[in-house]
Amino acid sequence: MLDLVATETHELLQRVFPELAFSHIDILSRAAQPRRLPPGIEVCRQGEPGNTMFIIGEGEVVVIFHPSDDKELVVDTLCGPAYFGEMALLGETTRTATIRTRTSCHMLEISHDAFLTTTDANPDLLRRLLRQIIGHLRRNDRAVIHELNEKNSELHAAYKNLAEQESLRTRFIATVSHELRTPLTAIQGYLSLLNNGVLSESALRTAMAAITRNVQTMVSLTNQMFLMYELYPEAPTASTLGLPDLIVDVLNGVRDTLEDSETAVYLNLDPNLPTIRGDKRTLTLAIRAVLENAFKFNPHRLPLHVHAYRQDHEAVIAVQDKGVGIPAEALPHIFEPFYRVEQEGSAHLFPGVGAGLTIAKLAVSQHNGRIEVRSEPGAGSTFTIFLPRR
Ligand code: ADP
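A. Up close: the pairing of strand β14 (residues 304–311). As paired strands, strand β12 (residues 265–269) and β14 are joined by five bridges and run parallel to one another. Looking across to β14, one finds that Leu267 is bridged to Val306. Between the end of β14 and the start of strand β15 (residues 314–321), which pair antiparallel, lie two residues, with Asp312 showing a positive phi angle near 50 degrees.

Okay, here's the thing in structure tokens:
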């Protein structure tokens, strides 16, 4: 059935080959066979020989790539006016993709033989047509190369993400097994002494105290890990908070937990500190993590300075210690989950799973704030939390 009458054939050829003169279009139209195809028809198949070029007038086809016999990937959609399979005009080719109609399509087909017959006496038409087709192929190639480059960067990003996840997983397992094994081994040791019944009454009390302390360490480590994952999806709830009171409460809590009443803490809490709207629980965690570290990474128990003040529209809390400090190369990583500065061979061993600062950063950013650090190995660190008033 001829759905495309001669004038429509002319018009379509002119739209897809705008550089051809009308006389050339006229000649070419003699080689073109109109066809109408319903949806779902395979116009050509990847891997099969082909000697026909197709021009879509109306309708839409999908370009399918088969990575294997039973798989298909839709890589593109073409809608009229457009053409495909143009390599066939140069000679019989193997199709590089399968083309299937997605909607009903009005098409023109030009076979290699009909093309040669028509252009035989018209070398000028042949030259112009080939120039246009080659230009089209080049543009296609450039588009494909561009797409390949984009896919390549996506793949690269995905791979990097995967590698990061893997490193996180390894770090998690190493940290947890190490940090939990230490108190567990201690508990096991004391328990075997208890079971043997070799402990005197005072040694028994020491053993019970040591077991309790180690169990507490394990509980606090596991709590920290749970908190870290709990915080990720949670949105903070807001209430009005007075920061000076919150800081003092957190400080007392940290002293109790670490059983450290010795380290001096100089508090400088600006009375003009703005009250802020925030989630008490998560902000407590953030301030606690920074304060706890200041006590912990300060083996000589040198005085700490806590300064809270107003700066523009922000409340600022700076915690300064004169402890071991952080090497410059570790600074970009300390907020990553389970990251801990390598301590092998160092003079001090500090407990922890590397979750505190991750929690602090999450909590602060949930309040649209930020946390910054300045540090010098051997001289100490200052962690500063910035919280906007609203
Ligand atoms: P944790 O304290 O449980 O190890 P954190 O996430 O709180 O984990 O901190 C990550 C790492 O950053 C710590 O292991 C430590 O190496 C370093 N760090 C954090 N705060 C300080 C500090 N005040 N002084 C020195 N090092 C610190």
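Alright, that's what it looks like, and here's the rest.
B. The arrangement of the pattern of salt bridges in detail. Enumeration over the complete set of coordinates arrives at 15 salt bridges. Residue Asp124 pairs with Arg127 through a salt bridge whose shortest N-O separation is 2.6 Å. Note that Asp124 and Arg127 are positioned in helix α4 (residues 123–196) at a spacing of three residues, about one turn of the helix. One salt bridge connects Asp260 with Arg301, and the closest N-O pair in it is separated by 3.8 Å. With Asp260 in the loop between α6 (243–258) and β12 and Arg301 in the loop between α7 (280–296) and β14, this residue pair connects regions lying 41 residues apart in the sequence. Judged by relative accessible area, Arg301 falls into the partly exposed class, the value being 36%. A single network of salt bridges, built from pairs that share partners, joins Glu42, Arg45, Glu72 and Arg100.

C. Main features of the sheet that holds strand β2 (residues 42–44). Read from one edge of the open sheet, four strands run β2-β9-β5-β6, paired in antiparallel fashion. The strands lining the two open edges of the sheet, one partner per strand, are β2 and β6 (73–79). Adjacent strand axes in the sheet meet at a mean angle of 30 degrees when their direction is disregarded. Where β2 and strand β9 (residues 98–101) come together, two bridges link them in antiparallel fashion. For Cys44, the partnering residue across the bridge sits in β9 and is Ile99.

D. Representation of the confidence of the model for the protein chain in the model. Averaged over all residues, the pLDDT of the protein chain is 87; the fraction at 70 or higher stands at 95%. Mean pLDDT across the elements of the protein chain ranges from a minimum in helix α5 (residues 201–231), with 82, to a maximum in strand β16 (residues 370–376), with 97.

E. Region of interest: the nonpolar core. Ranked by size, the top nonpolar core spans 36 residues in total, and within it Leu243, Ile287, Leu291, Ile317, Ile385 and Leu387 carry the most contacts. Counting only elements with at least two residues in this core, the list comes to α6, α7, β14, β15, α8 (356–366) and β17 (380–388). A total of eight residues in this core trace back to one element, the largest contributor, which is α7. For Ile385, the residues in contact, after removing those within four places along its chain, are Ala286, Ile287, Val290, Ala315, Val316, Ile317, Val364, Arg370 and Ile371. Formed by 20 residues, the second largest nonpolar core is a distinct cluster that contains Phe17, Ile25, Leu125 and Leu129.

F. Molecular detail of the sheet that holds β14. As summarised here, the arrangement of the five strands in space is β12-β14-β15-β17-β16, forming an open sheet in which the pairing is mixed. At either end of the open sheet lies a strand with only one pairing partner, and these are β12 and β16. Each adjacent strand pair in this sheet contributes to an overall mean axis angle of 15 degrees, direction not counted. This element, α6, spans β12, β14, β15 and β17 of the sheet and lies at about 165 degrees to β12.

About the cut-offs
- Residues numbered from 1 in each chain as written.
- Predicted model: local features only at pLDDT ≥ 70, side-chain atom pairs only at ≥ 80, totals over all residues.
- Heavy atoms only, no water.
- Pairing = 2+ DSSP bridges.
- Helix = DSSP H or I, 4+ residues; strand = E, 2+ residues; numbered from the N terminus.
- Salt bridge = Lys/Arg side-chain N within 4 Å of Asp/Glu carboxyl O.
- Buried < 20%, exposed > 50% of the residue type's maximum accessible area, 1.4 Å probe, protein only.
- Axes fitted to C-alpha atoms, helices over the stretch in contact; angles between N-to-C directions.
- pLDDT = per-residue confidence, 0-100.
- Core = buried A, V, L, I, M, F, W, Y, C linked by side-chain atoms within 4.5 Å.
- Contact = heavy atoms within 4.5 Å.

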